[in-house]
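Residue-level listing of the chains:
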Amino acid sequence: VFAIAIDEAHCVSEWGHDFRPSYLNIGNLSRRLFKKGEYVPPLLALTGTASEAVLSDVQRDLNISSPNAIIRPNTFDRTELHFSIETCESTNKIIYIGNYIKNVLPGSFGQSYEDFSVRRGNETISGIVFTPYATSKRGGHYFADSLHYAFRNMFPEMGVGCYFSKVPGMYEEQAWKATIREYAKRFKNNELNMLVATKAYGMGIDKSNIRFTIHDGIPSSIEQYYQEAGRAGRDRRQSECIL
């Protein structure tokens, strides 16, 4: 006896209607491919972030019709995540975020910046700065370079990489793919404290010591924000989510 499991099932709805239309066929196609004689394997769809509308969409697209099919946790609240909102001028975001990481964030963990920024294996305080743009003047590559320059020159220790799927103009595609793989590997191995990333990074990544997320902009939905902010605190220890 076996079953079919679909992880991150909200993507069926969120991406299936335009970005990846083939997702809409996963339910029917997988049942047909894995049918053994008269046995049709049950389908298990898993997600941590689905609104009522997205849930209905997923059920319809995957043909999960039983009224008893939905299993929910008692609460979606993650008490280890502390959410806060900061305001500043759009033209000042990079400076503001750099100063926030240097002067405010360490205090949230009861540390000085010097202790906060030191890389110490799995005890490293890691973070992701999410940006909605990849390659524009305000995009992730410029953002990452600016933060990298600021931290390298003014704030010793803090290492910054970047990760987004769109290729910056100064890179050839394969070279860029190799570059972001290297950044992701170094971040995973605690050789970098931070990544500047678009939503292309993070889903399915289980890095337990991400202690903070910072959003340079408002995601397209509350589910997307909770998905991205929720990459912090996977070990259930205090983590900061700043918008």
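Since the structure is predicted, the reported quantities are computational estimates derived from the model, not experimental observations.

Looking at the confidence of the model for the protein chain
Regions with low pLDDT carry predicted coordinates that are not meant to be interpreted in detail.
Logical step 1: Put simply, the protein chain has an average pLDDT of 86, and 90% of its residues get 70 or more.
Logical step 2: Looking across the protein chain, the model is least confident in helix H7 (residues 140-154), with a mean pLDDT of 65, and most confident in strand S8 (residues 239-242), with 98.

Some thoughts on the nonpolar core
Logical step 1: Counting 21 residues, the largest nonpolar core has Ile101, Leu105, Phe116, Met194, Phe212 and Ile214 as its most contacted members.
Logical step 2: Looking at which element gives the most residues to this core, the answer is helix H4 (residues 93-103), with 3 residues.
Logical step 3: One finds Leu81, Ala184, Tyr201 and Ile210 within the second-largest nonpolar core, a separate group that totals 13 residues.

With respect to a nonpolar patch on the surface
Logical step 1: A surface patch of nonpolar side chains, amounting to about 370 Å² of accessible area, comprises Phe2, Leu29, Leu33 and Phe34.
Logical step 2: A relative accessible area of 59% places leucine 33 in the exposed class.

Some words on the pairing of strand S7 (residues 210-215)
Logical step 1: With 6 of its 6 residues buried, S7 lies for the most part within the structure.
Logical step 2: The sheet contact formed by strand S4 (residues 126-130) and S7 spans 5 bridges and is parallel. Residue pairing in the sheet places phenylalanine 130 in a bridge with histidine 215 of S7.
Logical step 3: Note: S7 against S8, 3 bridges, orientation parallel. Paired with threonine 213 across the bridge in S8 is cysteine 241.
Logical step 4: Regarding topology, helix H9 (residues 222-229) serves as the crossover connection from S7 to the parallel S8, and that connection is right-handed.

Considerations on helix H8 (residues 173-188)
Logical step 1: Between its terminal C-alpha atoms H8 stretches 22 Å, which fits the 22 Å expected from 16 residues at 1.5 Å a residue.
Logical step 2: Among the residues of H8, those classed as buried are Trp176, Thr179, Ile180, Ala184 and Phe187. Mapping the buried residues of H8 onto a view down its axis gives an arc of 130°, with all of them on the same face. What points out from H8, more than 90 degrees from its buried face, is the exposed set Arg181 and Lys185.
Logical step 3: The residue sitting at the N-terminus of H8 and contributing the capping side-chain oxygen is glutamate 172; that oxygen lies 3.2 Å from the backbone nitrogen of glutamine 174.
Logical step 4: Just downstream of H8 lies asparagine 190, where phi reads positive at about 60°.

Structural notes on unusual backbone geometry
Logical step 1: In this model, glutamate 8 sits at a positive phi of 50°, which is unusual for a non-glycine residue.
Logical step 2: Within the secondary structure layout, glutamate 8 lies in the loop between strand S1 (4-6) and helix H1 (10-16).
Logical step 3: A positive phi angle, close to 70°, is found at arginine 236, a residue other than glycine.
Logical step 4: Within the element layout of this structure, arginine 236 appears in the loop between H9 and S8.

The rules behind each value
Residues numbered from 1 in each chain as written. Predicted model: local features only at pLDDT ≥ 70, side-chain atom pairs only at ≥ 80, totals over all residues. Heavy atoms only, no water. pLDDT = per-residue confidence, 0-100. Helix = DSSP H or I, 4+ residues; strand = E, 2+ residues; numbered from the N terminus. Core = buried A, V, L, I, M, F, W, Y, C linked by side-chain atoms within 4.5 Å. Buried < 20%, exposed > 50% of the residue type's maximum accessible area, 1.4 Å probe, protein only. Patch = residues over 30% accessible without salt bridge, like charges linked within 9 Å, V, L, I, M, F, W, Y side chains within 5 Å. Areas by Shrake-Rupley, 256 points an atom, 1.4 Å probe, with all protein chains shown as cover. Salt bridge = Lys/Arg side-chain N within 4 Å of Asp/Glu carboxyl O. Pairing = 2+ DSSP bridges. Right-handed = clockwise from strand over helix to strand, strands pointing away. Expected span 1.5 Å × (residues − 1). Arc of directions from axis to C-beta. Polar contact = N/O pair within 3.5 Å; in protein donor to acceptor, adjacent residues only side chain to side chain.

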